[in-house]
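# Observations on the model geometry
Chain residues, written in single-letter form:
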Amino acid sequence: MEQVKASFRASLESALPGVEILIERPKSAEMGDFAFPCFRAAKALGRNPTQIAQELAASLTIQGAELKATGPYLNVQLRPEVRARLLLEALLGPTPYGSAPAHSETVLVEYSSPNIAKLFTIGHLRSTMIGHTLAQVNRYLGCQVQRLNHLGDWGTQFGTLLAAYTRWAAETNPKLDRDFDWAEESSARRHTPLFRLFQLYVRFHQEEAVHPEMRDEARTWFKRLEEGDSEARRLWTWFRQVSLAEFQRIYDRLGVGFDAMDGEAFYEDKMPAAVQRLRDSGLLEEGEGGAFIVRLEDVGIQTPSLMVKADGTTIYATRDLAAAIFRRETYDFDRCIYVVGSDQVLHFQQLFAVLGKLDPWFQGRLLHTPFGMIQLPEGKMSTRKGNVVFLEDVLDEAVTRVMAIIGEKNPDLPDKGAVAEMLGMGAVVFFDALNDRVKPITFTWDRVIALDGDTGPYVQYAHARILSVLRKAGGTWVQKARPTEALSPAIAAVPYRPEALPEDLSGLEDPAAQSLLFELAGLPEAIRTVQRENMATALARQLLSIARAFSAFYTNCPILWAENGPEVREARLTLCVATARALRQGLFLMGIQAPEEM
RNA sequence: GCAGCCGUAGCUCAGCUGGAUAGAGCGUUGGCCUCCGAAGCCAAAGGUCGCUGGUUCGAUUCCAGUCGGCUGCACCA
């Protein structure tokens, strides 16, 4: 495939010296495999693009392909059997399709980053899954990736929690004691210590609205924590432990993992040095009320970055500063991607500006990939106010709905629970990836857990149907579509195993088969788009196109019919194997599993 | 007030660094299971791409302005 493109390019370069050659991918298989728009050439030569296309079509030749001038476009259309041969060779041949050689670029992805002592809401899904996909795709494309979970385990919010706990823990619920065995009741989420802590947190904010003086109480507690007060530290450690146990269960369900879980507290002892560096470089100035700030007007940011509060304590900007400096020393990274909501764009602009002033090394290496918030139909979600949708409720509801459908359509399915879990996660996670990450999402159950149409289960269904055909085909067909080892979140790619191709591929001349091949050809580019744009949309959409093309192929081209002859059967089964692998690989990069039956 | 993001079919959204008839899903209407899984397939209807200018051979895409919506604007994260 790539050789054909290269030879097309070479022919064009010799025919049109001095003209920049940009080869595009046509919109559909009927137009061809490669397209050369002649507009630039026309401008450079001062001639009519349609005429140029016609002349080129007449004068050039490409082995195994037809050159067609369609208006101002010069299209290369491979002969069906050549196209099938080249693409299957690329998909199943000795070299994994679309992979890139490993290179030394080190990419850090900071994502998920939940706050300790709060429950995962549907809002946390976005950072977690976008980050996971970016980590997977960058690793797949050969980068050295470090997955960082910047836990929100420090800050004034802990003052709030400590104040709330010491005020009301005993009266609210005697069982919410520091010695409470959280494992005892962990099955009932609404009764876990984490949920009770969450309730205390909400209550404090409610009462604080009436009694503003309580705010000082929280601030004092945080100061005690920051100064190393033993009681504050002891409670903090317990809060953290309880929270992490809860978080881990959700990460396990989503198949998400991390290489480092250093939270904000980890950087606590690294902040003084960071602040001192700012001071030494003359960037730190005293602002209103005795706080210390870095002015950024000269780089177009009117709001200064506050680094030390008037009471001498730190702020999240200080911790992000220390974290970036630490990460430079630890990883010597080429890129650091912060997957954080779009409500924090200003914060990251400030942070990057401060770091850039402090050390030009940081310039161009830091990237904030913002994403839109999830809102409820009635407005913004607020943990403090308590009107939130918990992520685990959404995951559970998705699984429940899938179970109901399985009970109706495939009641004899073995291992229903595991399959329902894969499909439920698939629905929720795929939905998150489907659209541009910067756009806000209004949460409704039916949207987020849709199971028909452009959804994860649609792609999973196509995969399951392929496996069903391969099972019926017998022999080793199923093995060919299976990975060689169990998949885990720690690896970025489904293990690759080359396959020999049949001699005769005439069974793939049908337009539906050709169309499927065309969509499969688009997968590597979609994966590179994910890396370039730092969002999974292109990959999710390409998988849908492949699944759709497969469904059409499946209904139009009988695979197992004996009257077709063994050559046709083998060619179509081989295409099935290639499709199953592509779907499984693509879903896996997104953190979605593909069951063989559903 | 200043800054950023977003306005594409009834609804939810794609549209790849400007380019071939603007594409999907949901919903609506009508077809398709005595042959591989109907969680599916096929077809129809539905759009002056918010508005006005500008750049260009060519703008949904780039620029300016304008209207509408969302977000942020120092001691929360």
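Please refer to the structure placed before this passage.
Residues numbered from 1 in each chain as written. Chains lettered and ligands numbered in written order. Predicted model: local features only at pLDDT ≥ 70, side-chain atom pairs only at ≥ 80, totals over all residues. Heavy atoms only, no water.

To continue, consider the packing of helix α8 (residues 214-226) against helix α9 (residues 230-254). The contact between α8 and α9 brings their axes to 7 Å, and the two run at 90°. In terms of their interaxial angle, α8 and α9 are classed as roughly perpendicular. Mapping the contact onto sequence places Trp 221, Arg 224, Leu 225 and Glu 226 in α8 and Glu 231, Ala 232, Arg 233 and Trp 236 in α9. Looking at side-chain class alone, the contact of α8 with α9 contains four nonpolar, no polar and four charged residues. (Axes fitted to C-alpha atoms, helices over the stretch in contact; angles between N-to-C directions. Helix = DSSP H or I, 4+ residues; strand = E, 2+ residues; numbered from the N terminus. Parallel < 35°, antiparallel > 145°, perpendicular 65-115°, else oblique. Contact = heavy atoms within 4.5 Å. Nonpolar A, V, L, I, M, F, W, Y, C, P; charged D, E, K, R; others polar.)

This paragraph deals with unusual backbone geometry. With the exception of glycine, the majority of residues adopt a negative phi angle, and the majority of peptide bonds are in the trans configuration. Its identity is not glycine, yet Ser 113 carries a phi of approximately 40°, on the positive side. The residue Ser 113 is located in the loop between β4 (106-110) and α5 (123-140) in this model. Among the residues examined, Ser 113 registers a relative accessible area of 23% and is labelled partly exposed. Its identity as a non-glycine residue notwithstanding, Asn 534 has a phi of 55°, on the positive side. Within the secondary structure, Asn 534 is located in the loop between α19 (523-533) and α20 (537-556). The exposure class assigned to Asn 534 is buried, which follows from its relative accessible area of 6%. (Buried < 20%, exposed > 50% of the residue type's maximum accessible area, 1.4 Å probe, protein only.)

It is worth spelling out the sheet that holds strand β8 (residues 305-308) at this point. Spatially, β6-β7-β8 is the arrangement adopted by the three strands of the open sheet, whose pairing is antiparallel. Sheet topology places β6 (284-286) and β8 at the edges, where each strand pairs with a single neighbour. The sheet shows a mean angle of 45° between the axes of neighbouring strands, direction not considered. This element, helix α10 (residues 271-280), spans β6, β7 (292-294) and β8 of the sheet and lies at about 85° to β6. (Pairing = 2+ DSSP bridges.)

Next up on the list: the pattern of salt bridges. A complete count under the given rule lists 36 salt bridges for this structure. Note that Asp 432 is salt-bridged to Arg 126, the shortest N-O span being 2.8 Å. In this pair, Asp 432 is assigned in helix α14 (residues 416-434) and Arg 126 in helix α5, connecting sequence segments 306 residues apart. Arg 126 carries the same exposure label as Asp 432, and that label is buried. When salt bridges with common partners are traced through the structure, they connect Glu 246, Arg 249, Arg 253, Glu 392, Asp 396 and Glu 421 into a single cluster. (Salt bridge = Lys/Arg side-chain N within 4 Å of Asp/Glu carboxyl O.)

So, about the protein's contact with RNA strand B. Around RNA strand B, a shell composed of 64 residues is seen, among which Tyr 73, Lys 309, Tyr 316, Asn 435 and Trp 561 lie nearest. Within 4 Å of the protein, the atoms of RNA strand B are drawn from sugar and phosphate moieties in a proportion of 60%. Contacts to RNA strand B include Arg 319, whose side-chain N or O atom sits 3.0 Å from a phosphate oxygen. Take Trp 561: an N or O atom from its side chain is 2.8 Å from a base oxygen of RNA strand B. For the surface near RNA strand B, the leading source of residues is helix α16 (residues 456-473), giving seven residues. When grouped by side-chain class, the residues that make up the surface near RNA strand B number 27 nonpolar, 14 polar and 23 charged. (Near = heavy atom within 4 Å. Polar contact = N/O pair within 3.5 Å; in protein donor to acceptor, adjacent residues only side chain to side chain.)

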